[in-house]
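Commentary on secondary and tertiary structure
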Amino acid sequence: ADPIEDEADFGYQGVGSIGDKVFVDANLNGVYDSGEGIAGAIVTLYADIDGDGDLESFTRVTDTDGTYLFDNLPADDVDYHVSVDFASLPTGVTPW
């Protein structure tokens, strides 16, 4: 029989995701309702993923209902910041 190895340590780091919708709250109820999504908005995620002290950036463009998703992100002690490029919003749409 093979000997049992009980002195090895294996670390497992999970992954996470950040995503949501970019939308115009047309009825001012404070939540997304069907038809309020903004397609084509540029969303950027900033984080020091590799721990070298420099922020990496990742960009997504919202789909037809305003949805964006950054997935396979390290689920450890990383500060994530998300921003929307206001210049990518449709004419007449101004941020709060």
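That block above? That's the structure.
Note that the structure is predicted; figures quoted are calculated from it, not measured.

What counts as what
- Residues numbered from 1 in each chain as written.
- Predicted model: local features only at pLDDT ≥ 70, side-chain atom pairs only at ≥ 80, totals over all residues.
- Heavy atoms only, no water.
- Salt bridge = Lys/Arg side-chain N within 4 Å of Asp/Glu carboxyl O.
- Helix = DSSP H or I, 4+ residues; strand = E, 2+ residues; numbered from the N terminus.
- Buried < 20%, exposed > 50% of the residue type's maximum accessible area, 1.4 Å probe, protein only.
- Pairing = 2+ DSSP bridges.
- Axes fitted to C-alpha atoms, helices over the stretch in contact; angles between N-to-C directions.
- Core = buried A, V, L, I, M, F, W, Y, C linked by side-chain atoms within 4.5 Å.
- Contact = heavy atoms within 4.5 Å.
- Phe/Tyr/Trp six-rings, centres within 6.5 Å; stacked < 30°, edge-to-face > 60°.
- Lys NZ or Arg CZ within 6 Å of the ring centre and 35° of its normal.
- Polar contact = N/O pair within 3.5 Å; in protein donor to acceptor, adjacent residues only side chain to side chain.

All chains considered together, the criterion is met by one salt bridge. Note that Asp65 is salt-bridged to Lys21, the shortest N-O span being 2.8 Å. Of the two residues, Asp65 sits in the loop between strand E3 (56–61) and strand E4 (67–74) while Lys21 sits in strand E1 (residues 15–21), which places them 44 residues apart along the sequence. The exposure class assigned to Lys21 is partly exposed, which follows from its relative accessible area of 23%.

What follows concerns the sheet that holds strand E5 (residues 81–84). The strand order E3-E2-E5 describes an open sheet built from three strands, whose pairing is antiparallel. On the outer flanks of this sheet lie E3 and E5, each paired with one strand and no other. Between one strand and the next, the sheet's axes are offset by a mean angle of 20 degrees, whatever the strand orientation. Bridging between strand E2 (residues 42–47) and E3 involves six bridges; their strand directions are antiparallel. Bridge pairing links Thr44 to Thr59 in E3.

Grouped together as the largest cluster of nonpolar side chains are nine residues: Val22, Ile38, Ala41, Val43, Leu45, Tyr68, Phe70, Leu73 and Leu89. If you list the elements that add at least two residues to this core, you get E2 and E4. With near-sequence residues (within four places) excluded, Val22 lies in contact with Glu36, Gly37, Ile38, Ala41, Val43, Thr62, Gly66, Tyr68, Val84 and Leu89.

For the coordinates displayed, the defined rule picks out two aromatic pairs. With centroids separated by 5.9 Å and ring planes inclined at 65 degrees, the aromatic side chains of Tyr68 and Phe70 adopt a geometry described as edge-to-face. Accessibility assignment for this pair places Tyr68 and Phe70 in one class, buried. When the ring centre of Tyr32 is taken as origin, the NZ or CZ atom of Lys21, which lies over that ring, is 4.7 Å away.

Turning our attention to the side chain of Thr62. Mapped onto the elements, Thr62 comes out in the loop between E3 and E4. A polar side-chain atom of Thr62 sits 2.7 Å from the main-chain carbonyl oxygen of Ile38. In this structure the side chain of Thr62 is engaged in a polar contact, spanning 2.8 Å, whose partner is the backbone nitrogen of Ala41. Those residues within four positions of Thr62 in sequence are excluded, and the remaining contacts are Val22, Ile38, Ala39, Gly40, Ala41, Val43, Thr67 and Tyr68.

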